[in-house]
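Spelled out from the first residue to the last, the chains are:
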Amino acid sequence: MLLLHLLQYFGIIYFNFNSKYQLSNLIRSNLILKDFQARAPESRCQLCAVNSICLPSGLSKDELCELENIMTTSKVVEKNTQLFNDGEKFHSLYIVHSGMFKNSSLDENGKERILRFSLPGEIMGLDGIHAESYQSTAIALTTSSYCKIPFNQLLDVSEDFPIIQRNLLKIMSKEIYSNKKTYIDLGSTAKLALFIFNISQRFKKRGYSEKEFYLPISQRDIANYLGMAEETLSRIFKKLQKLGAVNYKKHILTVVNQQQLKEIAQLSSPK
C-alpha cells in the first residue's frame, strides 16, 4: 500500500529433461541434479542486454523469478504498432526491450505532440498510474520488442520484495528530473545539437556506439518534439554537417566532433 500511495503522489526453467539413461541409484541421481542446478541457465532478465538499467536491476534470482512470473517478455511488434492509447484504461507498465517507441498525445487542436522517445530499458505508461488511464500513446518507430508488467500484480510482488519498490521509485524520480530539462531557452541550432548529444549518451549507456547509430525517428517527429518546423530542422541538420559536427544520411547519424557538438548545444565553453 505504501508503494501505491507513493506512486499516486508522484503522478504517476520451465525445465523439461528427457533422460537417455536409467539412473541406478539415488546417489547418482542427486549428483546429476546438483550438477544440472550448478549449470542452470540464467533468467531471461539476467540475459537481457539492458538489465543493469532496467526495473530488475540488482534483484536476486528468487526476486527475478517472482517478477518474471508476472511478466510478458520480449514480445515483438512491427513498426507503427500501438501498445496503448491516450485515454485508455491503465493496466500495465511496458518496458522497451529492443528498438524504439515514441510517446505522444493530442493537443487541444487535435494535433500530435511528441513527449518523448523511449529506448531499451525505459518504462512506458508511468503517466497512467495517477489518473488510472494512459496519458499518452506509445507507437513503435521500427520493429521493436517490449516486456509487459500488469501493475496490480507488480504491487503484490513488490510488497514481498522492497528492492522492486525502490527501483520503481528511482525510475519515477529520474523521469520527474528529466522532465525538468527542457529545450525552451535554447535557439533552434542548440536544440538539435543537444537532442543529438543526449540521445547519443543514452545509446552509450546501453552499450551501443555513441559515435554512430541508427536513428529510426523521422525528421518530422524530431521537429515536432523540439517544437520547430520540419524545414527549419532540415536546414539545421545541413548546417551541423557543414560545420563538421555530425553526418546524417538515411537514418544513420554519426557524431563526427563531439566536443564541437557540445559547444553548439551550450554544454561547454569553446576552447
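Residues numbered from 1 in each chain as written. Predicted model: local features only at pLDDT ≥ 70, side-chain atom pairs only at ≥ 80, totals over all residues. Heavy atoms only, no water.

Chemist: Help me understand the pattern of salt bridges in this model?
Modeler: As a working rule, side chains carrying opposite charge can pair if their charged atoms are close by. Scanning all chains against the criterion turns up 5 salt bridges. Ionic pairing is found between Glu-122 and Arg-202, a salt bridge with its closest N-O pair at 2.9 Å. Of the two residues, Glu-122 is situated in the loop between strand S5 (112-118) and strand S6 (123-124) and Arg-202 in helix H7 (residues 188-205); the sequence distance between them amounts to 80 residues. Given a relative accessible area of 24%, Arg-202 falls into the partly exposed group. Between Arg-206 and Glu-122 there is a salt bridge, and its shortest N-O distance comes to 2.9 Å. Placement of Arg-206 in the loop between H7 and strand S9 (212-214) and of Glu-122 in the loop between S5 and S6 is noted, with a sequence separation of 84 residues between them. Owing to a relative accessible area of 9%, Arg-206 belongs among the buried residues under this scheme. On the accessibility criterion, Glu-122 (21% relative accessible area) is partly exposed. (Salt bridge = Lys/Arg side-chain N within 4 Å of Asp/Glu carboxyl O. Helix = DSSP H or I, 4+ residues; strand = E, 2+ residues; numbered from the N terminus. Buried < 20%, exposed > 50% of the residue type's maximum accessible area, 1.4 Å probe, protein only.)

Chemist: Any chance you could explain the sheet that holds S6 here in plain terms?
Modeler: In a beta sheet, neighbouring strands pair by backbone hydrogen bonds and run either parallel or antiparallel. Across the sheet, which stays open at both edges, the 4 strands sit in the order S1-S8-S3-S6 with antiparallel pairing between neighbours. Two strands bound the open sheet, and with one partner strand each, they are strand S1 (72-77) and S6. In this sheet, strand S8 (residues 144-150) lies alongside S1 in antiparallel orientation, the contact comprising 4 bridges. Bridge pairing in S8 places Lys-75 opposite Tyr-146. Packed onto the sheet, helix H5 (residues 151-160) meets strand S3 (92-98) and S8 and runs at close to 65° relative to S8. (Pairing = 2+ DSSP bridges. Contact = heavy atoms within 4.5 Å. Axes fitted to C-alpha atoms, helices over the stretch in contact; angles between N-to-C directions.)

Chemist: Any chance you could explain the packing of H7 against helix H9 (residues 230-242) here in plain terms?
Modeler: The angle between the axes and the distance between the axes are what describe a pair of packed helices. Here H7 crosses H9 at 70°, and the two axes come no closer than 10 Å. With respect to each other, H7 and H9 are oriented roughly perpendicular. Residues Ser-188, Thr-189, Leu-192, Ala-193 and Ile-196 of H7 form the contact with H9, whose own contacting residues are Thr-232, Leu-233, Ile-236, Phe-237, Lys-239 and Leu-240. Along the lines of polarity and charge, the residues of the contact of H7 with H9 split into 7 nonpolar, 3 polar and 1 charged. (Parallel < 35°, antiparallel > 145°, perpendicular 65-115°, else oblique. Nonpolar A, V, L, I, M, F, W, Y, C, P; charged D, E, K, R; others polar.)

Chemist: How should I be thinking about the packing of aromatic side chains in this particular structure?
Modeler: The relative placement of two aromatic rings is captured by the distance of their centres and the angle of their planes. For the structure on display, the rule yields 11 aromatic pairs. Ring geometry for Phe-84 and Tyr-134: centres 4.2 Å apart, planes at 20°, overall stacked. Residue Phe-84 is located in strand S2 (residues 82-84), and its partner Tyr-134 is located in the loop between S6 and strand S7 (137-140); the two are separated by 50 residues in the primary sequence. With respect to burial, Phe-84 and Tyr-134 carry one shared label: buried. (Phe/Tyr/Trp six-rings, centres within 6.5 Å; stacked < 30°, edge-to-face > 60°.)

Chemist: I tried to follow unusual backbone geometry on my own but got confused; where do I start?
Modeler: Peptide bonds are, in most cases, trans, and in most cases residues other than glycine have a negative phi. Of note in this structure, Asn-80 is not a glycine but carries a positive phi near 75°. For Asn-80, the location among the structural elements is in the loop between S1 and S2. By relative accessible area, which is 55% here, Asn-80 ends up exposed. One non-glycine residue, Glu-132, lies in the positive phi region at around 60°. With respect to the helices and strands, Glu-132 occurs in the loop between S6 and S7.

Chemist: Please explain the pairing of S7 as it appears in this structure.
Modeler: Taken residue by residue, a regular strand's side chains alternate between the two faces of the sheet. Residues Thr-137 and Ile-139 point to one face of S7 and Ala-138 and Ala-140 to the other, with burial holding for every one of them. Inspection of the sheet shows S2 paired to S7 by 2 bridges, in the antiparallel sense. Note on S7: the bridge partner recorded for Phe-84 is Ala-138. Taken together, the 4 bridges between strand S4 (residues 101-106) and S7 define a ladder with antiparallel strand orientation. Looking at the pairing, Ser-104 lines up with Thr-137 of S7.

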